[in-house]
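# A closer look at the structure
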Amino acid sequence: MALDPVTLELVWTRLISAVDEAAKAIVRTSFSTLSNEANDFACVLTDAAGHSLAQNTGSIPSFIGTLPATVRAVCAAVPPETMRPGDVYITNNPWIGTGHLNDISLVRPVFSGGRIVAFGATTSHVPDIGGRIRSTEARELFEEGFHIPPMRLLRDGAADASLITLLRTNVRTPDQTEGDVWAQVAALALIHDRVCQTLADHRLADLAAVAAEIFGRSEAEMRRRIAALPEGCWRHAMQTDGLEEPFTFQVAVTLRGGGVAVDFAGTSPQQPRALNCVLAYTTAMTAFAIKALLLPELPNNDGIFRAITVTAPEGCILNPRYPAAVGGRAATGHYVPPLIFGALAEVLPEKVRAAPGSPLWIMNLAGTDDRGRTFANVLFFNGGTGAGAAQDGVDAVSWPSNISATPVEIAERTAPVLVHRKALREGSGGAGRQAGGRGHETVVECEAADVAAVFVTERLRFAAPGLFGGEAGALGEVLIDGTPTDTRRQQTLQRGSIVTIRTPGGGGYGRKG
């Protein structure tokens with residue numbers, strides 16, 4: 001059935017509104033600050049085949065490609081013909097999810113007229129999943145926490161009590177972790193109801209015609225924009241902090257025939273530490289970078305990404321073999337968009353940006369408080385973004401993620417810390433015709449004894465490079481009681497320990513004056 005443009009616009013807008021409303025429900029009902037403050041979650045609606053139709057507009061870029069793939073993986077593990085109305089399925093498998101165990105993904109089939117017409121899917125970074133509190137020292141997946149294969153969480157409104165008991169037993173924050181799961185369940189119920197109401201209001205039996213129109217038009221526009229660029233292959237390489245030796249990232253971006261082929265051959269091999277990034281996450285970050293350059297104004301959907309193919313050698317740090325440790329995958333995957341921007345700088349000089357001070361920085365704290373209760377807290381910190389052709393970089397903003405830095409008041413309320421100082425780092429942005437964004441300095445005092453502190457940091461050795469003659473941003477620093485610390489290893493804080501975090505600045509764009 002062909003849809004007229006007005007009906008198509010009305011239906012698609014309502015579907016996007018449904019996932020946006022579901023996102024608001026997660027913010028209002030989640031137990032942890034990771035969702036209600038940091039925005040580390042996503043809501044997606046797919047068609048009956050698991051292809052993305054709508055994604056909440058404030059979503060994390062890395063979830064663009066991962067959640068629809070999770071829906072398809074769940075359908076491969078649980079045949080859709082065995083699913084019933086009200087079923088909810090759960091998994092945190094990194095290779096079919098978002099790339100690490102800390103993100104729990106839920107999938108619910110949407111039934112209308114007795115058959116599946118769509119799937120709602122959510123994912124949320126829970127405050128703790130057990131294991132080594134996201135330590136980069138983990139050598140394999142089994143050290144990193146509680147692993148949930150694709151399985152049913154709810155049937156006929158009843159939860160799998162054994163699964164809930166196992167989950168609560170294996171994590172340091174049982175109430176928060178379980179509470180965040182139930183917030184996702186509520187969001188999925190809202191998506192289901194809104195989709196069914198939309199179908200009824202527009203007298204549609206399913207979403208097949210809507211999906212075909214959206215996918216077809218989106219794919220055609222993306223291919224048209226690719227075809228407008230010169231054909232050829234553009235390459236870029238860079239080094240990052242790594243471990244004992246730096247990591248090497250290489251990419252070849254080929255534009256040909258209205259399509260983009262992105263190949264990461266030459267990238268460092270996978271590591272026996274938790275810095276590996278699964279291909280699903282690599283693919284999502286690649287798709288985000290290409291879309292941001294060529295078609296930023298169109299809402300995310302499967303049609304946009306059909307013109308993009310991604311390959312990486314199996315066994316490299318961007319496509320590790322199971323059961324590689326992957327807890328710190330953002331410290332690797334966040335390099336993918338700046339790597340692609342570097343490759344396409346010659347083709348799209350007015351659209352690319354210099355490298356950011358991120359990847360996202362994280363301080364994980366875990367221990368037992370004065371009342372004998374276990375705790376686990378995740379605090380986020382952002383560097384400056386890279387400058388563009390017409391704008392300075394933005395100070396202390398997450399890119400290419402979409403994570404909010406933890407507010408001081410929230411950090412002090414939820415973790416045993418006292419924040420003494422939080423200020424921008426003057427001069428930390430790279431100089432240039434357009435200056436890179438500044439990082440920030442945060443000084444935190446620990447208010448408990450024997451607290452395990454694990455950091456996820458980058459750009460302590462290799463600064464964010466500038467572009468077209470712009471200068472690099474400042475390096476980042478982490479000090480404990482005034483002494484530089486090894487952020488690749490777990491540290492132990494005592495009451496009164498002072499942690500100083502200085503996030504990196506972004507690179508500048510163009511030669512200054």
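What comes next concerns the included structure. No experiment lies behind these values; they were computed from the predicted model shown. (Residues numbered from 1 in each chain as written. Predicted model: local features only at pLDDT ≥ 70, side-chain atom pairs only at ≥ 80, totals over all residues. Heavy atoms only, no water.)

## Points about the pairing of strand β8 (residues 232–240)
The pairing of β8 with strand β9 (residues 247–256) spans nine bridges and is classified as antiparallel. What sits directly across from W234, in β9, is V253. Here β8 folds back onto β9, and the loop between the two strands holds six residues, one of which, G242, carries a positive phi near 65°. (Pairing = 2+ DSSP bridges. Helix = DSSP H or I, 4+ residues; strand = E, 2+ residues; numbered from the N terminus.)

## Brief notes about the side chain of T457
Relative to the helices and strands, T457 resides in the loop between β16 (451–456) and β17 (477–480). The buried category is assigned to T457, whose relative accessible area is 2%. Within the structure, the side chain of T457 is placed 2.8 Å from the side chain of T487, a separation counted as a polar contact. Ignoring sequence-local partners within four residues, the contact set of T457 consists of W361, V478, T487 and R488. (Buried < 20%, exposed > 50% of the residue type's maximum accessible area, 1.4 Å probe, protein only. Polar contact = N/O pair within 3.5 Å; in protein donor to acceptor, adjacent residues only side chain to side chain. Contact = heavy atoms within 4.5 Å.)

## A word on unusual backbone geometry
With an omega of 5°, the peptide bond running from Y322 to P323 counts as cis. Here P323 shows up in the loop between β11 (308–311) and α9 (330–333). The peptide bond linking W399 to P400 adopts the cis configuration, its omega dihedral lying at 15°. If you trace the backbone, P400 turns up in the loop between β13 (374–381) and α11 (408–414). Phi is positive for D156, which is not a glycine, with a value near 55°. Structurally, D156 can be placed in the loop between β6 (151–155) and β7 (158–159). Positive phi, close to 55°, is recorded for R203, a residue that is not glycine. Structurally, the position occupied by R203 is in the loop between α5 (174–201) and α6 (208–227). Here R203 falls in the exposed class, since its relative accessible area comes to 80%.

## Some thoughts on the pairing of strand β10 (residues 259–263)
The sheet contact formed by β9 and β10 spans five bridges and is antiparallel. What sits directly across from L255, in β10, is V260. Taking the residues between adjacent antiparallel strands as the criterion, β9 and β10 are bridged by two residues, where G257 takes a positive phi near 60°. Pairing geometry for β10 and β11, over four bridges, is parallel. Bridged to V262 within β11 is V310.

## Description of helix α10 (residues 336–343)
Most of α10 sits out of view: seven of its eight residues are buried. Those residues of α10 not exposed but buried are V336, P337, P338, L339, I340, F341 and A343. Buried-residue contacts for α10 involve β8, β9, β10, α7 (279–294) and α9.

## Some thoughts on the sheet that holds strand β2 (residues 52–55)
Remark on secondary structure: sheet strands pair via backbone hydrogen bonds, oriented parallel or antiparallel. Strand order in the open sheet made by the seven strands is β2-β1-β5-β4-β3-β6-β7, with antiparallel pairing throughout. Bordering the open sheet on either side are β2 and β7, each of which pairs with just one other strand. As paired elements, strand β3 (residues 88–91) and strand β4 (residues 103–112) share three bridges and run antiparallel to each other. Across the sheet, the residue bridging to I90 is L106, located in β4. Seen against the sheet, helix α4 (residues 161–170) touches β3, β6 and β7 and runs at an angle of roughly 115° to β6. The sheet strands contacting α6 are β1 (41–47) and β2, and the helix crosses β2 at an angle near 85°. (Axes fitted to C-alpha atoms, helices over the stretch in contact; angles between N-to-C directions.)

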